[in-house]
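Structural overview for review
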2 protein chains.
Amino acid sequence: MTLGIIGMGLIGGSMALDLLRGGFADAVLGVEQDSAAAAAAQRIGLCSEVVSLDECVDRSDIVIVSVPVSAAPKVLREVLDRFQATGATDKIAIDVCSTKESICAAVKYHPCRSQYVATHPMAGTEYSGPWAAQPGIFDAKACIFADTEESSPKALHAVEDMYSALNMRIIRMSADAHDVHAAYVSHLSHIISFALALTVLDKEKDDKHIFDLASGGFSSTVRLAKSGAPMWVPILMQNRENLLRVMDTYMDFMESFKDALESYDEDAVRELVEGANKIRKIIR
Amino acid sequence: MTLGIIGMGLIGGSMALDLLRGGFADAVLGVEQDSAAAAAAQRIGLCSEVVSLDECVDRSDIVIVSVPVSAAPKVLREVLDRFQATGATDKIAIDVCSTKESICAAVKYHPCRSQYVATHPMAGTEYSGPWAAQPGIFDAKACIFADTEESSPKALHAVEDMYSALNMRIIRMSADAHDVHAAYVSHLSHIISFALALTVLDKEKDDKHIFDLASGGFSSTVRLAKSGAPMWVPILMQNRENLLRVMDTYMDFMESFKDALESYDEDAVRELVEGANKIRKIIR
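Residues numbered from 1 in each chain as written. Chains lettered and ligands numbered in written order. Predicted model: local features only at pLDDT ≥ 70, side-chain atom pairs only at ≥ 80, totals over all residues. Heavy atoms only, no water.

1. As for the interface of chain B and chain A
How big an interface is tends to be reported as the loss of accessible area on association of its parts. Listed by partner, the interface residues are 87 residues for chain B and 87 residues for chain A. Across the interface of chain B and chain A, roughly 8100 Å² is buried in total on both sides, 75% from carbon and sulfur atoms. Interface area lost by chain B to chain A is led by B:Leu213, B:Met237 and B:Leu261, which between them contribute 9%. With a shortest N-O distance of 2.6 Å, A:Asp248 and B:Lys258 are connected by a salt bridge. Between chain B and chain A we count 17 residue pairs in polar contact (both at pLDDT 80 or more) in total. (Contact = heavy atoms within 4.5 Å. Buried area = accessible area lost by both parts, 1.4 Å probe. Salt bridge = Lys/Arg side-chain N within 4 Å of Asp/Glu carboxyl O. Polar contact = N/O pair within 3.5 Å; in protein donor to acceptor, adjacent residues only side chain to side chain.)

In structure tokens, the structure reads:
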């Protein structure tokens, strides 16, 4: 099995590592526009060669599109176009994007749509690039398969095997439902972490020692604020409608806290905190 | 050296563990109103005995007040009153509260004020009780000493020795400055984590699978929402004025994100994310 990975970053690179080490892939062919990243990916051993998109598609059994969500629809179309042009009816393409509606819409009527499986492995770190690739980040995490009725059973089966090799739990849902869920449990977390970082960095302008007190609690809440703009700006833009709705709910709760504190209403503050504490049953 | 610890919870218990193991304390006497916690503290070995407050004060060299911030001023006054009543001019008291203005104000004019050092070891976890005590949580973290000009050099020196035994970095500042800093780097993080938990739990009412997608990013941002109400409600209430000001700044940044997303202004979103990314230079 030869794997083609277009975009040798954190996710593509980490998948390469685990799928090579676990024996699912015999070889990985990389596609990477950035020359420093391309050289690093080979040096680190994430891929044996860096080739053109067409060569990657022609020589691979499964092609993984792991580029930022703004570029992914175009790249995926190029992959499917190449399938069509070369009569490659056995090859399979997947993407690993954090949004699913726009990429599914972009190829909805493509003649090779059934050879494509829309996936989102829910894993990662706040770092990016081939340098950030690490083994084991997918282990025991959830992977969303979106709009699976549009994919052929054969393609689905092959991609299920691949994610099973990464020990991921597969959950199926529509692309729309995925994006709503992602707004709640991923994209909102990023926004509030960015806003927290901005708040404290703003204070640092007139108070150089503000971070002296930063402890583990602050670090974990602000961790996602290190997530890079090239990956995250397109995600936030693509999922803006869902995100705006979720942000409204979130800001209503922030306002409830503010009202309770302003009116010195200890019972109301307690009710909010105890309500939030119910998260204990979910997150251990 | 005999250490008295009033309140055998996460912080008091963890200090006991490290100070006993490191040899700073020969014995720890605990004071604990909750009988289950008292029994657990002895069983776990956090203290050799659980005694009354007066007995604890009379038999200890340093008394640590580690109760919730709402109870701490009264308890500290009782400790200092006991110093005065028994003529114990060599004994030292400290508190470990997450707010410093109100406790410092509560004992400002006490005849034994100079025997008290106001401290805040910036460490902990989202769990509470003697069961949550663990070794090493203070290692290499910051500890604030507040209003040190009110403490005697002798008391300060002894308490510095104690925190050095825990390998903490000591930072001195006024109680007022402490509470402003804490609002930024600790209390705000808790509020936004509580609000995030409430937002997603609210969604769960009509969507039982919302947490299926929760990954590491969500878990770290929402972690603090597990922090218990008995400890945190009093902290939020005591520091409400600073916290409300910081929340206003934070909500302004959230509004900026909202405006940028609503107006489909990708450049503005990028500017906000890149601004937040500057946190990388602070938090590794």
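2. A closer look at the relation of the copies chain B and chain A
Each copy of the sequence occupies a distinct position, and chain B is placed on chain A by a rotation of 180° and an axial shift of 0.0 Å, giving an RMSD of 0.0 Å. Both chain copies can therefore be described as sitting about a two-fold axis. Scanning chain B for the C-alpha nearest the rotation axis identifies B:Thr221, at a separation of 2.2 Å. Interface overlap between copies is the fraction of interface residues in one copy that are interface residues in the other; for chain B against chain A it reaches 100%, indicating a shared surface. (Least-squares fit on C-alpha atoms with pLDDT ≥ 70 in both.)

3. Some words on the pairing of strand 4 (residues 62-65) of chain A
Residue and element names in this part refer to chain A. Along strand 4, one buried face is formed by Ile 62 and Ile 64 and the opposite face, lined by Val 63 and Val 65, is buried too. Pairing analysis gives four bridges linking strand 1 (residues 2-6) to strand 4, with the strands arranged parallel. Counterpart to Ile 5 in the pairing with strand 4 is Ile 64. Inspection of the sheet shows strand 4 paired to strand 5 (residues 92-95) by four bridges, in the parallel sense. (Buried < 20%, exposed > 50% of the residue type's maximum accessible area, 1.4 Å probe, protein only. Helix = DSSP H or I, 4+ residues; strand = E, 2+ residues; numbered from the N terminus. Pairing = 2+ DSSP bridges.)

4. Thoughts on the packing of helix 11 (residues 266-277) of chain A against helix 9 (residues 229-238) of chain B
Following both chains from N to C, one finds helix 11 of chain A and helix 9 of chain B inclined at 135°, their axes separated by 10 Å at the closest point. If you check the angle between helix 11 of chain A and helix 9 of chain B, you find them oblique. As for the relative orientation of helix 11 of chain A and helix 9 of chain B, their crossing is right-handed in sense. In this structure, helix 11 of chain A uses A:Glu266, A:Val269, A:Arg270, A:Val273, A:Glu274 and A:Asn277 to contact helix 9 of chain B, whose residues at the interface are B:Ala229, B:Val233, B:Leu236 and B:Met237. (Axes fitted to C-alpha atoms, helices over the stretch in contact; angles between N-to-C directions. Parallel < 35°, antiparallel > 145°, perpendicular 65-115°, else oblique. Left-handed = near helix turned anticlockwise from the far one by under 90°.)

5. So, the domain arrangement of chain A
Residue and element names in this part refer to chain A. The domain architecture assigned to chain A consists of domain 1 (2-174) and domain 2 (178-281). Computed over C-alpha atoms, the centres of domain 1 and domain 2 are 31 Å apart. Residue-level contacts link 14 residues of domain 1 with 15 residues of domain 2. For the pair domain 1 and domain 2, the summed buried surface comes to about 1400 Å²; carbon and sulfur atoms form 57% of the total. (Domains from an automatic or database assignment.)

6. Focus: the packing of helix 7 (residues 175-204) of chain B against helix 10 (residues 240-262) of chain B
Residue and element names in this part refer to chain B. Running from N to C, helix 7 and helix 10 point in directions that differ by 65°, and their axes come no closer than 9 Å. Both helix 7 and helix 10 take part in a crossing whose hand is right-handed. For the pair formed by helix 7 and helix 10, the contact residues are Asp 179, Val 180, Ala 183, Tyr 184, His 187, Leu 188, Ile 191 and Ile 192 on the first element and Asn 242, Leu 243, Val 246, Met 247 and Tyr 250 on the second. In terms of residue class, the contact of helix 7 with helix 10 is made up of 10 nonpolar, two polar and one charged. (Nonpolar A, V, L, I, M, F, W, Y, C, P; charged D, E, K, R; others polar.)

7. Description of the sheet that holds strand 4 (residues 62-65) of chain B
All names here are of chain B. With respect to topology, eight strands assemble into an open sheet ordered 3-2-1-4-5-6-7-8, the strand pairing being mixed. Of all strands in the sheet, those bounded by a partner on one side alone are strand 3 (49-50) and strand 8 (169-173). Two elements, strand 5 (residues 92-95) and strand 6 (residues 116-121), share three bridges in a ladder whose sense is parallel. Residue pairing for strand 6: Ile 94 is matched across the bridge by Val 117. Against the sheet, helix 6 (residues 153-165) engages strand 1 (2-6), strand 4, strand 5, strand 6, strand 7 (142-146) and strand 8, with an angle of about 55° to strand 5.

8. Here we look at the pattern of salt bridges
All names here are of chain B. Tallying each qualifying case throughout the model produces 34 salt bridges over all chains. Among the ionic pairs, Lys 154 bridges to Asp 90, the shortest N-O distance being 2.8 Å. Highlighted residues: Lys 154 in helix 6 and Asp 90 in the loop between helix 4 (72-86) and strand 5, separated in sequence by 64 residues. Exposure class is identical for Lys 154 and Asp 90. Each is exposed.

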